[in-house]
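Summary of the model geometry
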Amino acid sequence: MHVSSTLQDLRLTLPKLRAVGTTLGVVPTMGALHEGHMSLIEYAVNRCDSVVVSIFVNPTQFGPGEDYRDYPRELDRDLAKCRSARVELVYTPNISDMYPAGARASITPPPVAEPLEGLCRPGHFAGVCTVVHELFRQIKPDLAFFGQKDAQQTAVIAALIETRRLPIQLVICPTVRTEDGLALSSRNAYLSPSERMQATCLARALALGRQLVMDGERRRATIERAMVELIQQAAPARIDYAAVVSPTTYLSLDPSEPPLMLAVAVHLGQTRLIDNCLVGQHP
Ligand code: AMP
């Protein structure tokens, strides 16, 4: 496995992976790799001839007062995991490789970035779009692997690819969870033991919402209230949203017919967690 820690080295190394007819996959990450990331890498290794994993804690997708400085950084462990997963190349760029003109987001995200996370984390998706577009430009992958865990992000990237006509196939991989349902996240490391126990309330709220829909409940407010009440009973949490939305626009939806997306974002102490559940078939 090769590690490129600069853009210059990436440019020298990529042609060796890009023999004629090969399929190149990319898995963009911010590192602190867990089983969720590793499942994306496994999908990529199975689908592609060569796989690049990028590890870059992207400053422009963190808002003021968010956890950019505290975000876990475990490069040696990450490299060992990538090596044993048979990744060809890990790209760990410098800030100046990604932002030669200074760390500012330069891409206006598509409309699907506006609700939910867009309202709670202003500027977040502009940062995501800017860094992902730059990674795509530098690596020129055929396929890009993203997790359903960050469902709205996948919709934003899909729109970015479509509106810019990038020749990249987006592959969305299922959310990996612990046995008690908590979606794996690098931020789970911040949770105290009691918060960790309470954190299952996100998945339980989604399961309740899903059950209500399956049982025929069609009033959005009723489903959202049930999810909020479950979370409030489980934990002293600050809820950003517990929402029923369209899986294509992420705008509120009256669930007369699935498919629909149930999405939650909750602060437990200092830690902000998100999770989602798709009900019915994606169009
Ligand atoms: P991050 O390092 O948090 O930016 O995540 C990098 C990629 O891993 C994103 O596409 C995430 O959606 C994906 N990911 C994070 N957690 C999980 C999980 N529990 N299951 C599947 N994919 C995940």
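Each chain carries its own residue numbering, running from 1 in the written order of its sequence. In keeping with the model being predicted, local features are shown solely for residues with a pLDDT of at least 70 and side-chain atom pairs are shown and tallied solely at 80 or more, while totals for entire chains, interfaces and linings include all residues. Side-chain metrics rest on all non-hydrogen atoms present in the structure, leaving aside hydrogens and water.

**Let's talk about the overall build of the chain**
This is how the line gets drawn: Secondary structure elements are defined from DSSP: runs of H or I of at least 4 residues count as helices, runs of E of at least 2 residues count as strands, and each element is numbered from the N terminus. In this setup the radius of gyration rests on C-alpha atoms only. A globule is expected at 2.2 Å times the number of residues raised to 0.38. Classification of residues uses two cut-offs on accessible area relative to the type maximum, computed with a 1.4 Å probe and protein chains only: under 20% is buried, over 50% is exposed, and between them is partly exposed. Contacts are assigned to residue pairs that have any heavy atoms within 4.5 Å of one another. Counted as positive: Lys and Arg. Counted as negative: Asp and Glu, with His and the chain ends omitted from the count. To locate a charge, the coordinates of NZ of Lys, CZ of Arg, CG of Asp or CD of Glu are taken.
Secondary structure assignment for the chain yields 10 helices and 9 strands. Here the chain has a C-alpha radius of gyration of 19 Å; the compact-globule value for 283 residues is 19 Å, and the two agree. Projecting the C-alpha coordinates of the chain onto the three principal axes gives extents of approximately 55 × 40 × 35 Å. The proportion of buried residues among the 283 residues of the chain is 54%. A separation of at least 24 residues holds for 72% of the contacts in the chain among residues at least 6 apart in sequence. Separation between the mean location of the 28 positive side-chain charges and that of the 29 negative ones in the chain comes to 4 Å.

**Details of the site of the ligand**
Threshold: Any residue with a heavy atom positioned within 4 Å of a molecule or strand is treated as near that molecule or strand. Accessible surface is estimated by sampling points in the Shrake-Rupley manner with a 1.4 Å probe; for residues, cover comes only from the protein chains shown.
Lining the immediate environment of the ligand, one finds 17 residues, of which H37, G147, D150, V176 and L184 sit closest. Look at the ligand: alone it shows 490 Å² of surface, and the protein chains cover 92% of it. Of all the elements in the fold, those that place two or more residues in the shell around the ligand are strand 2 (24-29), helix 2 (35-47) and strand 5 (143-147). If one sorts the elements of the shell around the ligand by residue count, helix 2 sits on top with 3 residues.

**Here's the deal with the environment of P236**
In this structure, P236 sits in the loop between helix 10 (220-234) and strand 7 (238-245). With relative accessibility at 70%, the residue P236 sits in the exposed group.

**A closer look at the nonpolar core**
Just so we agree on the cut-off: Here the nonpolar core consists of buried residues drawn from Ala, Val, Leu, Ile, Met, Phe, Trp, Tyr and Cys, with membership extended through side-chain atoms lying within 4.5 Å.
Core analysis: the biggest nonpolar cluster contains 43 residues, and V52, F136 and I139 have the highest contact counts within it. Secondary-structure elements contributing two or more residues to this core are helix 1 (7-17), strand 2, strand 4 (89-91), helix 6 (124-139), strand 5, helix 7 (151-163), strand 7 and strand 8 (260-268). Element by element, the count of residues in this core is highest for helix 6, at 8 residues. With residues near it in sequence (within four places) discarded, V52 still touches L14, L17, L24, G25, V26, V27, L89, Y91 and I139.

Remember that the coordinates give geometry; whether it matters functionally is a separate question.
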